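# Geometric and topological summary
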Amino acid sequence: MRIVSALVNVPWLAERLASPGLSPLPLRLLQCHRDQESQTEYQQKHIPGALFFNLQECSDKSSPYRNMLPPIRQFESYVGDLGVDNNTHVVVYDGTDSFLLASPRVWWMFRAFGHPLVSVLNGGLDKWCEMGHPSTDKTQQVQKAKFSASFNPSLVRNFRFMEENLTQKSAQVVDSRPVSDFYGAGDPASKPGVGRIPGSVNLPFERLIDRETKTMKSTEKLQELFSGAGVDLSRPLVSTCRTGMKACGIALAGHLSGKEDIPVYDGSWSEWSKRAPPENIVCGTHEKRG
């Protein structure tokens, strides 16, 4: 199995689009968005040759929670329709409505379904255009491909695991929501977006991004952020957030920091806040220790 970088930069991509022979594998560019409403943006502006990846469409529609992983056959069909087969090097990136938010989720999804040949374009469409490269409003038709998925359960965690982890403490839990949501005070019943899983630590997704360059921070700075949050990268951990999106940014940052096997709690806070008993939802800055 070939190994590809989890994160690639704009010059790397520009060089390979200009000279396809430089890539030992066929490339497929995917501009990633959270929902169908963003398709207008894609139609108006995207990297030449890129196709539209709709996270809302490629999710489990039978689940009451947002952004849940789709059934394996649905994923196979969806990415196959985008011309992706098991020999394709997939490069995912965000549109201008966000950067490094939707693409890490798609990166993680491919890996969860057994396809490690996937990279995130650092900085996304904004960085591509900022560096003077062309965009287009022309869409491309591609031939459908056959993609065979192989689910990797080691990269996904569910409610049962998270509940058992409260007593077993087999994994550190890193929550990437904003500080105000993580430490939010008040009644979770009236403010369902606030609170946290007992024992979890907070590393807000936004701290992973260099806002000036619109790119992921350096490996050294990412390692410092993990350490500063009290996370030991030599030990098992699981990432979580509100709907399973920003948690994938933690998984990517950990991968870049040498921790390549970080699973994501797919249901994240949208599930935990509805299913966990009140004693397993902590609010405020103080937490009782058992």
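Below or above, wherever it landed, is the structure these notes cover. Predicted model, so just to flag it, every value in this text is computed and none were measured.

## A word on the packing of aromatic side chains
For the structure shown, the criterion picks out 9 aromatic pairs. Ring geometry for phenylalanine 75 versus phenylalanine 147: centroids 5.9 Å apart, planes at 70°, classification edge-to-face. You can see phenylalanine 75 sitting in helix α3 (residues 72-81) and its partner phenylalanine 147 sitting in the loop between α5 (124-130) and β6 (156-157), a full 72 residues away along the chain. Look at phenylalanine 147 and you get buried, because its relative accessible area is 3%. Judged by centre distance (5.1 Å) and plane angle (45°), the ring pair of phenylalanine 159 and tryptophan 272 falls under tilted. With a gap of 113 residues between them, phenylalanine 159 in helix α6 (residues 159-168) and tryptophan 272 in helix α10 (residues 268-275) connect regions that are remote in the sequence.

## With respect to helix α8 (residues 219-228)
Turning to α8, its buried residues are Leu222, Leu225 and Phe226. The arc that holds the buried residues of α8, viewed along the axis, is 100°, so those residues lie on one side. Set apart from the buried face of α8 by more than 90 degrees, the exposed residues are Glu220, Glu224, Ser227 and Gly228. Lining the buried residues of α8 we find β10 (215-216) and α9 (246-256).

About the thresholds
- Residues numbered from 1 in each chain as written.
- Predicted model: local features only at pLDDT ≥ 70, side-chain atom pairs only at ≥ 80, totals over all residues.
- Heavy atoms only, no water.
- Phe/Tyr/Trp six-rings, centres within 6.5 Å; stacked < 30°, edge-to-face > 60°.
- Helix = DSSP H or I, 4+ residues; strand = E, 2+ residues; numbered from the N terminus.
- Buried < 20%, exposed > 50% of the residue type's maximum accessible area, 1.4 Å probe, protein only.
- Arc of directions from axis to C-beta.
- Contact = heavy atoms within 4.5 Å.

Limitation: the analysis is restricted to geometry and does not speak to function.
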